[in-house]
Amino acid sequence: MRSAVSHQPGAAARAPRAPVASAVEVRRSTRRRKSVSAYREGGRTIVLIPARMSEAEERRWVGVMLDKLAAQESKRVLGDTELTERAERLSAQYFDGRARPASVRWVTNQNTRWGSCTPAEGSIRLSHRLQGMPEYVVAEAVSVQGKLANDRLWSSRSPL
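These remarks concern the structure in this document. Small disclaimer: the values here were computed from a predicted structure and weren't measured.

Rules used in this analysis
- Residues numbered from 1 in each chain as written.
- Predicted model: local features only at pLDDT ≥ 70, side-chain atom pairs only at ≥ 80, totals over all residues.
- Heavy atoms only, no water.
- Pairing = 2+ DSSP bridges.
- Helix = DSSP H or I, 4+ residues; strand = E, 2+ residues; numbered from the N terminus.
- Axes fitted to C-alpha atoms, helices over the stretch in contact; angles between N-to-C directions.
- Core = buried A, V, L, I, M, F, W, Y, C linked by side-chain atoms within 4.5 Å.
- Buried < 20%, exposed > 50% of the residue type's maximum accessible area, 1.4 Å probe, protein only.
- Expected span 1.5 Å × (residues − 1).
- Arc of directions from axis to C-beta.
- Salt bridge = Lys/Arg side-chain N within 4 Å of Asp/Glu carboxyl O.

**Comments concerning the sheet that holds strand E5 (residues 103–107)**
Consideration 1: Spatially, three strands are ordered E5-E7-E6 in an open sheet, and the strand pairing comes out mixed. Every other strand in the sheet has two partners, leaving E5 and strand E6 (115–118) as the edge strands with one partner each. Here the strands of the sheet are splayed against their neighbours by 15° on average, with no regard to which way each runs.
Consideration 2: Two strands pair when backbone bridges link them, and E6 and strand E7 (residues 123–127) are joined in this way by four bridges, in the antiparallel orientation. Bridging from a neighbouring strand, Thr118 pairs with Ser123 of E7.

**Focus on the nonpolar core**
Consideration 1: Residues Val36, Ala38, Val47, Ile49, Met53, Trp61, Val62, Val64, Met65, Leu66 and Leu69 constitute the largest nonpolar core, which totals eleven residues.
Consideration 2: For this core, the secondary structure elements donating two or more residues are strand E3 (36–41), strand E4 (44–50) and helix H1 (55–74).
Consideration 3: The dominant element in this core, judged by the number of residues it contributes, is H1, at six residues.
Consideration 4: Ranked by size, the runner-up nonpolar core spans seven residues in total, among them Leu83, Ala87, Ile124 and Leu126.

**What about helix H2 (residues 80–95)?**
Consideration 1: Between its terminal C-alpha atoms H2 stretches 21 Å, which fits the 22 Å expected from 16 residues at 1.5 Å a residue.
Consideration 2: When H2 is considered as a whole, its buried residues turn out to be Leu83, Thr84, Arg86, Ala87, Leu90, Ser91 and Phe95. Angularly, the buried residues of H2 cover 160° about the axis, an arc narrow enough to put them on a single face.
Consideration 3: Backbone geometry just after H2 places Asp96 at a positive phi near 50°.

**Comments concerning the pattern of salt bridges**
Consideration 1: Scanning the entire structure with this criterion turns up five salt bridges.
Consideration 2: In this structure, the salt-bridge partner of Arg27 is Glu25, at a minimum N-O distance of 2.8 Å.
Consideration 3: The residue Glu58 makes a salt bridge to Arg28 at a minimum N-O spacing of 2.5 Å. Residue Glu58 is found in helix H1, and its partner Arg28 is found in strand E2 (residues 23–29); the two are separated by 30 residues along the sequence.
Consideration 4: Its relative accessible area of 36% is what places Arg28 among the partly exposed residues.
Consideration 5: Salt bridges linked by common partners bring Glu25, Arg27, Glu41 and Arg44 together as one network.

Nothing here speaks to function; it is all geometry.
In structure tokens form, the structure reads like this:
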């Protein structure tokens with residue numbers, strides 16, 4: 001997997017640097033004028049910088065780009081098991097546990113929908129395009145399943 005970040009020189013907030021487990025290779029380019037970018041390739045980190053950059057600027061930008069890559073990689077995608085656990089937690093938090101999905105999983109075959117659910121099975125399927133979205137997206141899917149479960153509960157009761 002190749003993760004990459006790019007940055008235009010300027011003010012950049014400095015976050016604590018994660019330990020570097022890979023070798024860093026700096027590639028200078030005469031065609032590159034202002035931008036600095038970095039990506040992981042195999043066990044190495046490649047940092048692309050303008051050829052005119054001084055050694056001090058190079059050291060600073062290597063640090064900045066390593067920090068950016070570490071931040072980017074820390075935003076990992078949830079697996080299906082973690083997604084189900086999150087849905088159960090959200091159900092307990094927002095719906096008093098009424099929404100009990102049997103499964104919540106990412107799918108790649110939904111290109112025109114964000115997700116779907118089958119209340120009879122208690123399954124929720126979310127489009128892989130939602131990976132990395134905020135938690136409320138999963139909460140919305142759980143709420144739909146919870147509402148459908150609640151509607152079934154009320155429709156099964158006999159009128160007074």
